[in-house]
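Notes for the structure review
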Amino acid sequence: MDKTLVVLDSRILATVVLLLLDLFVIGLGSFIPFAVVMFAGYVLLDRFSNVRRVITLGGIPWLAVLVAGVFVAGGVGPVAFGIDYLFMFCGFLTAVAVCGVFFISRAFYDYGYERGEFDADRIVARHMIDRLVEHPDDWGTVDGDFLEVEGALNRVRDRQRAAEQALRDESSRKDDLVTYLAHDLKTPLASVVGYLSLLHEAPDLPVEQRVRFTGVALDKAHRLDALIEEFFDITRFDFHDIVLTRGYVDLNLMLAQVVDEFYPTLSEQDKYAEISVPEGLTVLVDGDKMARVFNNVMKNAIAYSYEGSTIRIAASRADGAVQIRFENQGDPIPAPKLKVIFEKFYRLDAARATNRGGAGLGLAIAKEIVVAHGGQISCESTPEHTVFTITLPE
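Described in the following lines is the structure provided in the data block.

Cut-offs and rules
- Residues numbered from 1 in each chain as written.
- Predicted model: local features only at pLDDT ≥ 70, side-chain atom pairs only at ≥ 80, totals over all residues.
- Heavy atoms only, no water.
- Helix = DSSP H or I, 4+ residues; strand = E, 2+ residues; numbered from the N terminus.
- Buried < 20%, exposed > 50% of the residue type's maximum accessible area, 1.4 Å probe, protein only.
- Areas by Shrake-Rupley, 256 points an atom, 1.4 Å probe, with all protein chains shown as cover.
- Contact = heavy atoms within 4.5 Å.
- Core = buried A, V, L, I, M, F, W, Y, C linked by side-chain atoms within 4.5 Å.
- Pairing = 2+ DSSP bridges.
- Axes fitted to C-alpha atoms, helices over the stretch in contact; angles between N-to-C directions.

Some remarks on the overall build of the protein chain
Helix and strand counts for the protein chain come out as 12 helices and 7 strands. Residues classed as buried in the protein chain amount to 32% of the 394 residues present. Accessible surface, the protein chain as shown: approximately 23800 Å² in total, 61% of it carbon and sulfur.

Here is the structure:
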């Protein structure tokens with residue numbers, strides 16, 4: 001059917017048939033009617049496929065009858081005039097009959113095809129409802145004719161269950177984390193209130209003791225601020241609405257600024273940071289968001305590195321991309337955990353204490369921002385070192 005339609009839809013064939021019919025039926029002797037019919041017929045067949053099909057289907061048998069009439073009329077003699085018109089009329093009827101048979105057959109074919117699709121869809125739908133809703137765990141109803149459909153249904157069911165389980169796990173981690181953070185807010189807040197109360201109630205405290213109490217209150221206030229920031233991260237960060245404002249950024253300068261922000265923390269823990277970035281190395285990124293990526297990765301490197309160790313930061317250009325590496329020395333990350341450290345609300349330390357780990361959003365946020373830039377972030381860990389690698393397109 002498709003091959004037949006390709007032939008019938010040919011503009012060249014329909015034009016040739018129309019020209020021959022025009023010559024036989026009207027002739028060049030009546031040039032104006034001949035030209036009008038030819039022009040109108042060509043316009044119609046050029047725009048409408050059904051017109052091309054009618055001309056080709058009806059014109060070919062009509063021409064065949066007319067040609068036969070020419071040969072018959074040539075041997076009859078005096079009655080040739082009447083025979084011409086007889087064959088003209090028979091040819092026209094033949095053309096109408098052929099076109100009618102074709103279009104009626106095509107209508108029956110389309111109806112049968114649609115009805116077959118409807119019946120097949122109904123059978124498959126009935127089978128799906130039976131397997132998914134009515135008897136999801138009854139393997140005795142598996143029909144050999146539906147093995148492929150059965151396999152597809154099982155894959156869909158497995159993906160749905162995995163997605164639902166992932167949502168439940170994420171929701172559970174988030175709820176637990178909110179509970180833990182709410183509980184941990186009380187500790188630094190109680191310390192701040194307690195030490196400030198001592199300072200208020202005993203204005204004659206020795207200077208050294210006053211300085212110590214003030215320092216403790218300040219440290220706890222900073223801790224309280226960090227915990228509140230974690231709450232903001234949980235409630236305000238939308239992983240699906242990252243709008244980038246790109247510009248060329250000097251990586252050497254940006255990474256130096258990130259390290260400077262952590263100088264007090266590094267000094268307190270007797271840790272060091274080394275930066276190795278070629279001069280003039282730039283990358284097209286959203287500076288503010290990429291600074292947050294570097295900040296989160298650096299915070300993680302500091303939190304999980306040994307005291308007195310050095311955190312090495314390096315950047316280089318290779319294969320049309322820029323790679324930034326954060327390397328620290330600390331306890332190795334187990335292989336199973338390497339697969340989940342970029343998930344939301346996952347914290348490397350299993351203990352709920354937030355003195356070291358945050359809400360488990362830092363690396364997840366970093367990954368989403370890097371992916372939004374068209375890049376990748378990965379982690380590898382050995383007993384010697386842990387390396388976070390960020391790859392960004394130039």
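Examining the environment of Leu-63
Secondary-structure assignment places Leu-63 in helix α4 (residues 49-76). Judged by its relative accessible area of 10%, Leu-63 is buried. A C-alpha to C-alpha distance of 9.9 Å links Leu-63 and Leu-18, two positions 45 residues apart in sequence. Ignoring any residue separated from it by four or fewer positions in sequence, one finds Leu-63 in contact with Val-17, Leu-20, Leu-21 and Phe-24.

A short note on the nonpolar core
Counting 38 residues, the largest nonpolar core has Leu-251, Val-293, Phe-294, Met-298, Ile-324, Phe-326 and Ile-390 as its most contacted members. Broken down by secondary-structure element, the contributors of at least two residues to this core are α8 (251-261), β3 (282-285), α10 (287-303), β4 (310-318), β5 (321-328), α12 (362-372), β6 (376-381) and β7 (386-393). Considering each element in turn, this core owes the most residues, 7 residues, to α10. Beyond its immediate chain neighbours, meaning those up to four positions away, Phe-326 contacts Leu-255, Phe-294, Val-297, Met-298, Arg-312, Ile-313, Thr-386, Val-387, Phe-388 and Ile-390. Of all hydrophobic cores here, the second largest spans 10 residues; its members include Leu-21, Ile-55, Trp-62 and Leu-63.

So, the sheet that holds β7
By definition, the strands of a sheet pair up through backbone hydrogen bonds, in either a parallel or an antiparallel sense. In spatial order, the strands read β2-β4-β5-β7-β6; together these 5 strands make up an open sheet with mixed pairing. Only two strands of the sheet have a single neighbouring strand rather than two, namely β2 (272-276) and β6. For this sheet the average axis-to-axis angle between neighbouring strands, irrespective of direction, equals 15°. Judged from the 6 bridges that link them, β6 and β7 form a sheet pairing that is antiparallel. When the sheet's bridge partners are listed, Gln-376 is paired in β7 with Thr-391. Relative to β7, α10 is tilted by about 170°, and along the sheet it contacts β2, β4, β5, β6 and β7.

This is a description of form; function is not addressed.
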